[in-house]
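# Structural overview for review
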Amino acid sequence: MPLLSIEPIKKNVMLGLWQIEASPSDLLVSYPQLASIVPSGMKAPNRILERLAVAALVTEMTGIACPSITHQPNGAPLLDGYHIGVSHTRGYASVVLSRDCEVAVDIEYRTNRVERIVSKFIRPDEQSESLDRVLLNWCAKETVYKLLNAENLQYFDMKVVPYELKQRGHFSVENLKRPCRVEVAYRITPDYTLTYSCLS
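Residues numbered from 1 in each chain as written. Predicted model: local features only at pLDDT ≥ 70, side-chain atom pairs only at ≥ 80, totals over all residues. Heavy atoms only, no water.

Next up on the list: the sheet that holds strand β9 (residues 168–175). With antiparallel pairing, five strands are arranged side by side in an open sheet as β7-β11-β10-β9-β8. Each edge of the sheet is formed by a strand with only one pairing partner; in this case those strands are β7 (102–109) and β8 (158–160). For this sheet, the mean angle separating the axes of adjacent strands, direction not counted, is 25 degrees. Examined bridge by bridge, β7 and strand β11 (residues 192–199) share eight bridges and lie antiparallel to one another. Bridging from a neighbouring strand, Val103 pairs with Cys198 of β11. (Pairing = 2+ DSSP bridges. Helix = DSSP H or I, 4+ residues; strand = E, 2+ residues; numbered from the N terminus. Axes fitted to C-alpha atoms, helices over the stretch in contact; angles between N-to-C directions.)

Laid out in structure tokens, this is it:
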């Protein structure tokens, strides 16, 4: 089963994780009702598979047979009755849902390619001495960008506050425009790095 986990992470907030391992046709065998959510102009198999995996995950999380996930002009996802955050990377999709608070999630597969562009998103006053910290910085800033999407934050408008690195934990990201701090939770695995956050 591609569904890896659905778990409560806070009161009225759920985090779901899906391993994308089937083909679109295989996924539709288990979720035939989702065939209608794929736009007729969408041809790339990877895009179709990501869309189906996210919808299947939302179905498992909410019980909605055919969830209609639309998007704001800035790309932020919308789901009637919920605040929703969506992210996918090579081999995985993650969704965070809440009826009460704004939410966001980011997931990135583990690769050292991101180290080539460190200077574009990590400030000189941030920790960056390992691949884990580099990936966490990237994911955390993507999460905060999504969470505060109306503010149009750039990478250097955010600062990851120093933290002790663990496999799971949380740290703060400072919004230097306001200023204020956003709490970001994280997980590191051999395959991916995941961050998520919610605002009451």
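Picking up after the structure, the text goes on.
Counting 25 residues, the largest nonpolar core has Trp18, Ile84 and Val95 as its most contacted members. At the level of secondary structure, the elements contributing two or more residues to this core comprise α2 (45–62), β5 (83–89) and β6 (92–98). Of the residues forming this core, the biggest block, 10 residues, is contributed by α2. With sequence-adjacent residues up to four places away left out, Ile84 is seen in contact with Val58, Ile69, Pro77, Leu78, Leu79, Val95, Val96, Leu97 and Val103. Listed in part, the 16 residues of the second largest apolar core include Ala104, Phe171, Val184 and Tyr186. (Core = buried A, V, L, I, M, F, W, Y, C linked by side-chain atoms within 4.5 Å. Buried < 20%, exposed > 50% of the residue type's maximum accessible area, 1.4 Å probe, protein only. Contact = heavy atoms within 4.5 Å.)

Moving on: empty space enclosed by the protein. Scanning the model with the defined rule gives one cavity of 30 Å³ or more in all. Here the largest cavity is characterised by a volume of approximately 30 Å³. Taken together, Glu126, Gln127, Arg133, Leu136, Asn137, Val160 and Tyr163 make up the full set of residues lining the largest cavity. For the lining of the largest cavity, the element with the most residues is helix α4 (residues 131–147), which contributes three residues. Looking at the lining of the largest cavity residue by residue, the classes come out as three nonpolar, two polar and two charged. (1 Å grid on protein atoms, 1.4 Å probe; cavity = no way out; pocket = protein on both sides within 12 Å on 5 of 7 lines; lining within 4 Å. Points joined across faces, edges and corners; volume = space filled by probe spheres on them. Nonpolar A, V, L, I, M, F, W, Y, C, P; charged D, E, K, R; others polar.)

This part takes up the layout of surface pockets. Taken as a whole, the largest pocket spans an internal volume of roughly 470 Å³. Those elements giving two or more residues to the lining of the largest pocket turn out to be α2, β3 (69–71) and β5. A class-by-class count of the residues in the lining of the largest pocket yields eight nonpolar, five polar and four charged. For the second largest pocket, the lining is made up of 21 residues, of which Gln72, Ala76, Pro77, Lys146 and Asn149 are closest to its centre. Considered class by class, the residues forming the lining of the second largest pocket number 12 nonpolar, seven polar and two charged.

Here we come to the side chain of Ser87. Of note, Ser87 is situated in strand β5. Within polar-contact distance, the side chain of Ser87 engages the side chain of Asp106 at 3.4 Å. (Polar contact = N/O pair within 3.5 Å; in protein donor to acceptor, adjacent residues only side chain to side chain.)

This part is about unusual backbone geometry. Following Arg178, the chain continues to Pro179 via a peptide bond in cis, the omega torsion being -5 degrees. When you line up the elements, Pro179 lands in the loop between β9 and β10 (180–188). Positive phi, normally seen in glycine, also occurs at Asn12, with a value near 65 degrees. With respect to the helices and strands, the residue Asn12 is situated in the loop between β1 (3–10) and β2 (13–19). The residue Asn152 is not glycine, and still its phi comes out positive at about 50 degrees. Following the sequence through the fold, Asn152 ends up in the loop between α4 and β8. Judged by its relative accessible area of 42%, Asn152 is partly exposed.

A few words on the pattern of salt bridges. Within the structure shown, the criterion is met by eight salt bridges. For Glu151, the salt bridge is made with Arg178, and the minimal N-O distance between the two is 2.8 Å. Of the two residues, Glu151 sits in the loop between α4 and β8 while Arg178 sits in the loop between β9 and β10, which places them 27 residues apart along the sequence. Glu151 sits in the partly exposed class, given a relative accessible area of 23%. A single network of salt bridges, built from pairs that share partners, joins Arg123, Asp125 and Lys159. (Salt bridge = Lys/Arg side-chain N within 4 Å of Asp/Glu carboxyl O.)

Such coordinate-based values are descriptive only and should not be taken to indicate function.
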